[in-house]
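# Structural description and commentary
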Amino acid sequence: MHIYDQQKSYYKSGQTRPLQHRLTALNHLKDTIKRYEAEVIEALHQDLNKSEFESYTTEIGILYTEIDYTIKHLKKWMKPKKVKTALTHVGTKGKIYPDPYGVTLIIAPWNYPFQLAMAPLIGAIAGGNTAIVKPSELTPHTAEVIKKIITAAFIPEFIAVKQGGVDVSQQLLDTPFDYIFFTGSVNVGKIVMEKASKYLTPHTLELGGKSPAIVHEDASLKLAAKRIAWGKFINAGQTCVAPDYVYVHQDVKDDFLTYLTDAIEDLYSHQPLENPDYTHIVSDKHFDRLTHFLDDGTLFYGGDTNKETRAIAPTVLTDITWDRPVMAEEIFGPILPVMTYENLDFIIDDITKQPKPLALYLFTERDYTREKVIAEIPFGGGCINDTIYHLATPYLPFGGVGQSGTGNYHGKFSFDTFTHQKSILKQTTMFDVPLRYPNQKAGLKWVKKLMK
């Protein structure tokens, strides 16, 4: 691939490594996004019917914050870090050097097509790498703006965009990149991992899964309902960390469902399909897949659809069990199954039988309940008494575990993801420790004392 070879040469020239080059590139990226901000918002509206408010808060503003944070701290992150000297290593000094990987590949998804292409790129640039960005073909208007921005901000030898469908992704994955960062579905993630194994390429997989929300009997119900409705139905549920289903304690189920209905109508009106700011489903294929779930259980609220605009109203299903189709896969749409429980141990057992989710949300006022759930359920990350907010801070790593992904990023964790931690030990020449050598009398005796 011609552009890969160009980037390989550019990286080998050393131009991406200096601090000033990285800072200049990050500033260029931010300035260029600002210049094209209106086009980004319009593209997101064309691809997904996203409102200006949702586009700015979830796709653009979060990037400005991430770039500013990275610029502020990058000099410190790049410095080699001193480590302690072990007793067995007297006379040495150890340091860890954050070393760029080289030529990186970023494959972005369609649900947050701008933010999830640019956020990893911030880490790649901060780490001193070059990058090829592959936007999703399902959001073509956004992909075109991404290309405009990157072309305007950078030379292709440094940062480039490759557009296209599955064939282009296949071509890219058959190329020996130094690092791959993929965001998308579990099924495609498995393909990426298999391809990476050919060259033993290190990689990050940001995937998904069925992320639960648990509403315990002592929860602040009205607030829980509002925050779950917001986290579930933002972007029409097409969010990898959206609450996929709710487990609510049976003693508060009726009150919770009442508050949930009120919250949905407050956020999206009584007629969400006519709300110009309500996000639509990305494609006919996904629309058809989602509408099949509407027959599961009991339709408690919503269920209206418009095939022409690919819109599905916020929907709540009850009387759901794990054997229903809606519980067999990540929903990734505005359909929320609600199940009940009596005993916390019962649902902990239920949830841990499933693949490890990307996120978990617990609503409770009790420390015991919080610590029990955190300790006994494996998941990527999450919130107590909120949804989604954990991914918006640069101080927390964001990523999955098991089938929900591998690796993490955001803030310094993005820098760490795109750099190899190179360990260097500097040995003194002022003296030599004879015990290390096999020809010393009583050497083994002293080695055992030192290393016991």
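Residues numbered from 1 in each chain as written. Predicted model: local features only at pLDDT ≥ 70, side-chain atom pairs only at ≥ 80, totals over all residues. Heavy atoms only, no water.

## Observations concerning the overall build of the protein chain
- The helix and strand inventory of the protein chain stands at 15 helices and 18 strands.
- Here the protein chain has a C-alpha radius of gyration of 25 Å; the compact-globule value for 452 residues is 22 Å, and the two agree.
- For the C-alpha atoms alone, the extent of the protein chain along its principal axes is close to 80 × 55 × 40 Å.
- The 452 residues of the protein chain split such that 52% are buried.
- Sequence separation of 24 or more characterises 72% of the internal contacts of the protein chain that already satisfy a separation of 6 or more.
- Just so you have it, the protein chain exposes about 21100 Å², and 54% of that area is on carbon and sulfur atoms.
- The averaged location of the 52 negative side-chain charges in the protein chain is 18 Å from the averaged location of its 49 positive side-chain charges. (Helix = DSSP H or I, 4+ residues; strand = E, 2+ residues; numbered from the N terminus. Rg over C-alpha atoms; globule rule 2.2 N^0.38 Å. Buried < 20%, exposed > 50% of the residue type's maximum accessible area, 1.4 Å probe, protein only. Contact = heavy atoms within 4.5 Å. Areas by Shrake-Rupley, 256 points an atom, 1.4 Å probe, with all protein chains shown as cover. Lys, Arg positive; Asp, Glu negative; His and termini not counted. Charge placed at Lys NZ, Arg CZ, Asp CG, Glu CD.)

## Details of the sheet that holds strand β1 (residues 81-83)
- Spatially, β1-β2-β18 is the arrangement adopted by the 3 strands of the open sheet, whose pairing is antiparallel. Strand pairing shows two members of the sheet lacking a second neighbour, β1 and β18 (419-427), which therefore form its edges. Here the strands of the sheet are splayed against their neighbours by 30 degrees on average, with no regard to which way each runs.
- Looking at chain direction, strand β2 (residues 92-100) and β18 are connected through 9 bridges and run antiparallel. Counted as the bridge partner of K95 is I424 from β18. (Pairing = 2+ DSSP bridges. Axes fitted to C-alpha atoms, helices over the stretch in contact; angles between N-to-C directions.)

## Points about the domain arrangement of the protein chain
- In terms of domain boundaries, the protein chain breaks down into domain 1 (1-207 + 404-424) and domain 2 (212-391).
- Between domain 1 and domain 2, the C-alpha centre-to-centre distance is 31 Å.
- Between domain 1 and domain 2, the contact holds 16 residues from the first and 18 residues from the second.
- For the domain 1 face of the interface with domain 2, the top three residues by lost area are N49, W110 and S404, together amounting to 33%.
- Across the contact surface, domain 1 and domain 2 share 0 salt bridges.
- Taken together, the links from domain 1 to domain 2 amount to 13 residue pairs in polar contact (both at pLDDT 80 or more).
- Elements supplying a minimum of two residues to the side of domain 1 that touches domain 2: α3 (37-48) and α4 (52-78). (Domains from an automatic or database assignment. Buried area = accessible area lost by both parts, 1.4 Å probe. Salt bridge = Lys/Arg side-chain N within 4 Å of Asp/Glu carboxyl O. Polar contact = N/O pair within 3.5 Å; in protein donor to acceptor, adjacent residues only side chain to side chain.)

## A closer look at a positive patch on the surface
- Together, K75, K76, K79 and K81 give the surface a local cluster of positive charge.
- Along the chain, K76 falls in helix α4.
- On the accessibility criterion, K76 (64% relative accessible area) is exposed. (Patch = residues over 30% accessible without salt bridge, like charges linked within 9 Å, V, L, I, M, F, W, Y side chains within 5 Å.)

## Considering the UniProt feature "active site" (unreviewed entry) in the protein chain
- Using the residue numbers shown here, the UniProt feature "active site" (unreviewed entry) corresponds to E206 and C240. Over a stretch of 35 residues, the named residues converge on one spot in the fold, their C-alpha atoms separated by at most 8.9 Å.
- Looking at where E206 falls in the secondary structure, it is placed in strand β7 (residues 203-206).
- We classify E206 as buried; its relative accessible area is 2%.
- In this view, E206 contacts F181, F182, T183, G184, F398, G399, G400, S404, G407, N408 and Y409; residues no more than four positions away in its chain are not counted.
- Secondary-structure assignment places C240 in the loop between α9 (221-233) and β9 (245-249).
- The class for C240 is buried, based on a relative accessible area of 14%.
- Excluding residues within four positions of it along the chain, C240 makes contact with N111, L207, G208, G209, S211, E330, F332, L358 and F398. (UniProt positions renumbered as here; feature names shortened; annotations may be inferred.)

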